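Descriptive analysis of the structure
Residue-level listing of the chains:
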Amino acid sequence: MAAIVTNNAPNKVDITLNGKTVSVVKGTKLLKVAQAEGVNLPTMCAYKDLTPNGTCRMCICEVEINGKKEVIASCDFPVTEPMVVETDSEKVKKQRKTLAELYLGRWPEVPIVKAIAARCGVTKSRFTSEFTDDNKKACILCGKCVKACDEFIQEKIIDFAGRGYQRHLTMPYGEVDPHCIGCTSCAFVCPTGALQVVDDMNHPADPKMIRNHGMKVNAEMANLDKSQCRMREVGTANIVEVMDKYDLLPVHNYKFGSHPDTYKIDSKVLKEKYFTQGAADACWKGCSMACAKAVDGFELKTGPYKGDKVCVDGPEYETVGGCSNMGCFDPDFVVEFNFYCDTYGIDTISAGTCTAFVMEAYEAGVIDKEYTGGLELKFGACNEALELLHQMARGEGMGVEMGQGVRWLKNKWSKEKPEFAAFLQDIGMEAKGLEYSEYMSKESLAQQAGYTLANKGPQHDEAWLIFMDMVNNQIPTFEDKAEALYYFPLWRTWFGLMGLCKIVWNDVVPADNKKHAPQIAAKIPEHVNNYFKFFEGMSGVPINEAIMLDQSARVHNLQRILNRMLGFGTRKEDLPPYRAVGPVTEEEYLSRQERYEKQLVEIIGYDITGKTTAEKMAVLRAYREAQYQKVSDVAYAKRGWTENGVPTIARLKQLGIDLPDLVKIIEKDQV
Amino acid sequence: MTHKISEIKKAHVLLKEFAFEPVQLERGYANRYLRINLDNNEISILPVTQQMKDLWIGGKGFDLWLTFQEIKDLKDFSWEHNANPICFSPGPLAGTTSFPGSGKTLVTTVSPATSSIMDCNVGGYFGPFLKFAGFDSLVIVGKSAEEVIVFIDAVNHKITIEKAPLESLDSHVVAEELTEMYADNEIDMRNIAVVSAGSAAEHARMGLLNFSFWDWRRNVARLKQAGRGGVGTVFRKKGMKALVIKNRGITPAWRVEENKVASEVTPKTIQQLTCEKDLADLKAIIASFGNDPERAFEILLAVQERFKCIPKTAIEMICQLTGQPKSYLYHLATFHDCFTLDPEKKRCGDADCDCEDEDCDHEHDEDGEEEESDEMPEGEIRVVAPNPIVTCRDNAFAGLEKALKMTPEAVLAEIKASELLLKDTTGIPAYQKWESVCTASTADKKPVVVTNVVLNGINEAKIVEGLMIAAYATGADQAFILLHSKIDLEAFETAVATGQQILNLKVDIRLIGDDYLLNKDKSVLSALKGLASEPYHEFVRNTKTGYHDRPTLIHNNETMASVGAAIFHGAEWFKKHQTKVFEVYGDVKNAAVVELPYGSTIGDYINAAGGSDGAINAIQFGSFGGPMLKATRQELKTDYTTLKEAGIVLDSSEIDIYNKQTPPTDLFAENIACLSFDSCGKCGSCREGLFHASRLADKIADGKARKGDLEAIGDLAECMRETAFCQYGINAGKSIMKSIKEFGDKLAKGVK
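Per chain, the residues get numbers from 1 upward, laid out in the order the sequence is written. Both sets of labels track the order of writing: A upward for chains, 1 upward for ligands. Residue-level local features of this predicted model are given only where pLDDT is at least 70; pairs of side-chain atoms are given and counted only at 80 or more, and the full residue set underlies all totals for whole chains, interfaces and linings. The basis for every side-chain value is the complete set of non-hydrogen atoms in the structure, without hydrogens or water.

Concerning the interface of chain B and chain A
- By the convention used here, residues are in contact when the closest approach between their heavy atoms is within 4.5 Å. Listed as interface residues are 148 residues of chain B and, on the opposing side, 164 residues of chain A.
- Across the chain B to chain A interface the summed buried area is about 13500 Å²; carbon plus sulfur atoms make up 59%.
- Buried area adds together the accessible area that both of two parts lose upon being put together, with accessible area traced by a 1.4 Å probe. On the chain B side of the contact with chain A, Met206, Arg228 and Trp254 of chain B bury the most area, a combined 7% of that side's loss.
- Here, a salt bridge means any side-chain nitrogen of Lys or Arg that lies within 4 Å of a carboxyl oxygen of Asp or Glu. Our count for the contact surface shared by chain B and chain A stands at 19 salt bridges.
- As a salt-bridge pair, Glu722 of chain B and Lys91 of chain A come within 3.7 Å of each other at their nearest N and O atoms.
- Within 3.5 Å is the distance limit for a polar contact, defined as a pair of N or O atoms, with the added protein rule that one can donate a hydrogen and the other accept it, and that residues adjacent in sequence qualify only through two side-chain atoms. Where chain B meets chain A, there are 81 residue pairs in polar contact (both at pLDDT 80 or more).
- Tallying contributions element by element places helix α24 (residues 684–701) of chain B first for the side of chain B that touches chain A, with 9 residues.
- Note on residue classes: Ala, Val, Leu, Ile, Met, Phe, Trp, Tyr, Cys and Pro are nonpolar, Asp, Glu, Lys and Arg are charged, and everything else, Gly too, is polar. Grouping the constituent residues of the side of chain B that touches chain A by class yields 67 nonpolar, 45 polar and 36 charged.
- At least two DSSP bridges between two strands are needed for those strands to be called paired. Elements are defined by DSSP. Helices are runs of H or I of four residues or more, strands are runs of E of two residues or more, and each kind is numbered from the N terminus. Summarising the sheet, strand β8 (residues 195–196) of chain A and strand β14 (residues 255–256) of chain B pair through 2 bridges and their orientation is antiparallel. The residue bridging Leu195 of chain A from the neighbouring strand is Val256 of chain B, located in β14 of chain B.

Take a look at the structure:
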């Protein structure tokens, strides 16, 4: 038996609540302590997901600290030291009664006021006036709506106006502010119904059902984001340092997963020196995650807009990852690269990955300075990377070649220098012709397959499994990974059918999400339920996991069939370059030698004594490539596809999409 | 080369105009889609079938299905064909604002990178606006011979294809050009969304599409990207420069239940400024305060002085230029009595002037007739001080010079030893606050020192000296002097300039309003942030987490002005010579600011003001926030210990003498009326309690009170004392209870 711990943890304190000893985490508000202990204090202005208003004073308690007694409002009162708390002392009851009389005198018909007054033993008030308002839905000045506007959605559209007895809730001048986004947070938290706003643009079947679930997410954003992903502070860039820590941040064309200089471009730097803080940066109205961060007043150092001070959207994680991939760890460069890619209409991911590929080819001697037109395109060449973009915009030079992408360059150089063909094939980080997005997938079989089995090419939005595989360790076994490769691409496709953003689903999770088994936790069941209710609220049709999976599978298979129609969509298009799977060069192998040899010995059972690096690398490669094939087999089977990765007609029938036009395309591929 | 918007627009040539009927969305669908063929500028509206919805739902599902319809019968199709469709679909749940993250557009095309299907999801306003315009999807096929813009106008229900030669290709420029061009006015810019590529997209296979949304706070078109696989390349290949949509505005039908007070406060007429000179003046006023949101009160005051009211345009422009939310500004403008929103009720803007006259020149102030009795004329403050510390005019900055020769630790030790007391409600040793500030100070969060100028007649130089010593001792790098009126502004500027020659410290002088509530530190902190002066955090200590979460030392001007003497003369001397200042007004022979040794009696102060004018009926101890005391209380010492024992709260350092001409019932009613008028209204006990206490006290004064009314006032006062949010309400409760105790029998006479 373990030793009995008698002392409280240093962050806890014992208090006496109505005679009972309670151990409390220091700083917890007294009202929450009482509620947790089942003591139900009256309140009109406290809301569980908002910071305290302290306006109604009904939740008062009498506390005794160091022998001194005091009446305090418990909602905002932090428990930091030992104290004796009486929640219903005579003194407290008397003052509550007076308060209840005041409120009942002003708003005699509002149900919540009547209920609280009755609880305090008040049914009649001495305090009435010409301002007594017998509207059942009168505003009781609690302030929840003002807090919700600020804390749920960071907008600050509504506030009180007037002073003293003239205090009232309004938008400026009593008019609807055209900047109100209609998120309905205010109406949701209103205890009386004084505020009315309905999100009706889509004319949903049940707007309240949508709102009630949407607001759950808003409450989580307000309370949990700051301790989880900090999307409101730094957007998706929050994972830069996480990826580096877990050896998943692409560095030098995906050779490595971390770099000592990452701290120069991580989210701390972006927050402190670049991103404007506290802004309601939603890319669509009503998004409480507000991750569309921006750098304001950035002075450009190069190109046609040199010297201009501009607002830059981002950098997001993928852009930072593209820069680390090029070995460029200068934050000013990251922002400038981000800006020019955007305004020139160039994808930061493809540009980052392709430039990294060009840099490795340059360092390996595939191309030289003469070929690049004088640009010394080594890893870390920030100015040269920008110059490639400027050339692309002008339609000249090496920039235009780079703009054709990794596959085009790889094919061209393989023809020009056949001795490099195999090497270029291995290090050219594209699949299906699309450049990889910015995750180093060597150690995550799930992500490797997530990337290359994706219909459009290696972009993480169809299967962003790297985090649950490598960081959260939620899909440890081969079976888990295979299952994930079935469920998540379909679940993520569903967002694309609906017009929804996926990161709102999983970048902030309920505080108790860990109560689920890892494989279930990865789905975030409460959030999935919110979305099902969202769909039902819009369409009027209830939905469950099976229906959702079918909805997505129809479209997922349609995309596969269209690819097939265009001459692709088979197993050979689903193959990754080896750089995505394992170490291509000795340099890479040696940099993570311990890890690879552990795998050789413990998992593959290969005796490494006396073996050359090349021999070890060959065995590792064979194993990893076989693993990839194996996981593809399982994934195809689960998806109802042939061994060659083509949907079966049986699967189309099952999904109700065995339309003649579609069947015609895949008929020849049925085995 | 950049062109003016008007020139760019003029260069447009209309190639096609197409009118359409609006539709009502039903459960997330418009049930039709839009197809534009740039080969022949053919625009068509086609139905979304039930089968499409059942099988493919929408978004990417619709995109792919429509793509399939476009290309399934084409021979030797490749991405480079003119027929390659770009499809845009928002999805049935998109455009929702009550569930976060519901604004994505799904974009597909046959990709130049993969020669296969590419799909992207993108934010920005285009997709939701497309659906609100009545289209579940947009399919663009064909290739235009000229550089064109496709404009979907959901306000006038038409679609145009316009030849557009002069617009920039680069997105950060073209998105703003087109937003400005197609918006009716500034507020309408949020209703425009632009889709564009960029000058490199046509030279690469990795061209993307930028989807804009107008960021009204930053005043820029923000860009979100449909990034992958070359959708921008295909867009440019079609000769598309941009795709623009104009939405009819989605301001929701927001309403709050009507009530009497709102209709009293909300202006009946709203002033808008349109004349260019007025707008320029407005801009200059805001700029003169550095576009600083924290100086919102001063900006509004200058606006009031210039326009004799607060025009709506001013609130909007201050919001735009300072970033202070409009709702906060409106709160502030309706909070202080010196502002008028209704142009019909113009005021001169002087905080001390009650006129409603546009042409007011404050003559009533100059001839001194209007405010003859209880307050001294401005600029003629009589000071009575036998051994002055804070009102003396000499030795300014000698204490600071001495302090700078000491270590900060030694200064702190001296202040501790001097037993300098806070000359506010609390009367606790000032050192407690200094120590608390020093403990909370970190490299990131250095302390701030603030002095709140609440008392008249204190030497400005002494105040600045104290402020600077406090900053030196605590390591503060920022100081504020908060003024309640402009009268002493110049004197403070001079004093600060002199002090800064000795110590290089950032000192800002701010006007925060002539407001009794602003005696309280928590209200001061709100005012300092440019907010209405109501308290925000109940249990957060300013000394730990104050201005911008920095440790903040707030002293009133009397306390602050004492600091120099404590250092200059040393702790031992100071302990014996500490003073207390009271402003003595009312029925006295010579109203004066009186500084006497700490612990002098109330009578001493009255005598220093020449004694009472007639027999004293009541002593109002501490303006209207303090209690009414009987004449016999003249013998009471005014040290904090004695006051506390006598159950008297010192709410402000003012003594008003009333002779027999003022019945206590009137004074009682007047006090509570003033308290009620100045309450911020945040917490129920103070707001509702003072309102009803005032009503009942009026009844007593009018002799119309009923049995139980005085008890009711007592109940309300007790409730405030126990439950009010801040010191204002707590002190009000205490003082009313004390007044009842002192004058209960007389007040009871007003009860029938």
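Next, the rest of the story.
Overview of the environment of Ala417 of chain B
- Residue placement: Ala417 of chain B occurs in helix α14 (residues 408–418).
- Between buried and exposed lies partly exposed: a residue is buried under 20% and exposed over 50% of the maximum accessible area for its type, with that area taken using a 1.4 Å probe on protein chains only. On the basis of relative accessibility, which here comes to 33%, the residue Ala417 of chain B falls in the partly exposed class.

Regarding the pairing of strand β4 (residues 86–89) of chain B
Residue and element names in this part refer to chain B.
- By the alternation rule, side chains of β4 split into Ile86 and Phe88 and Cys87 and Ser89, which are all buried.
- As judged from the 3 bridges shared by β4 and strand β7 (residues 138–141), these two strands associate in the antiparallel manner. Paired with Phe88 across the two strands is Leu138, which belongs to β7.
- The pairing of β4 with strand β5 (residues 105–110) spans 3 bridges and is classified as antiparallel. Note on β5: the bridge partner recorded for Cys87 is Thr108.

Details of a negative patch on the surface
Residues and elements named next belong to chain B.
- Patch definition: residues with relative accessible area over 30% and no salt bridge; like charges joined within 9 Å; nonpolar side chains (Val, Leu, Ile, Met, Phe, Trp, Tyr) joined within 5 Å. A 1.4 Å probe and the Shrake-Rupley method give the accessible areas. Residues count as covered only by the protein chains that appear here. Residues scored as positive are Lys and Arg, those scored as negative are Asp and Glu, and His as well as the terminal groups of each chain are ignored. The atom standing in for a charge is NZ when the residue is Lys, CZ when it is Arg, CG when it is Asp and CD when it is Glu. Taken together, the side chains of Asp666, Glu670, Asp698 and Asp702 define an acidic patch exposed on the protein surface.
- The topology assignment puts Asp698 in helix α24.
- Since its relative accessible area comes to 33%, Asp698 is described here as partly exposed.

Observations regarding the pattern of salt bridges
- Under the defined criterion, the tally for this structure stands at 98 salt bridges over all chains.
- One salt bridge connects Glu316 of chain A with Lys224 of chain B, and the closest N-O pair in it is separated by 3.3 Å. Separated into two different chains, Glu316 of chain A in the loop between β10 (309–313) and α10 (317–325) and Lys224 of chain B in strand β12 (residues 220–226) make up a pair that spans both.
- With a relative accessible area of 30%, Glu316 of chain A lands in the partly exposed category.
- Note on Lys224 of chain B: relative accessible area 10%, which makes it buried.

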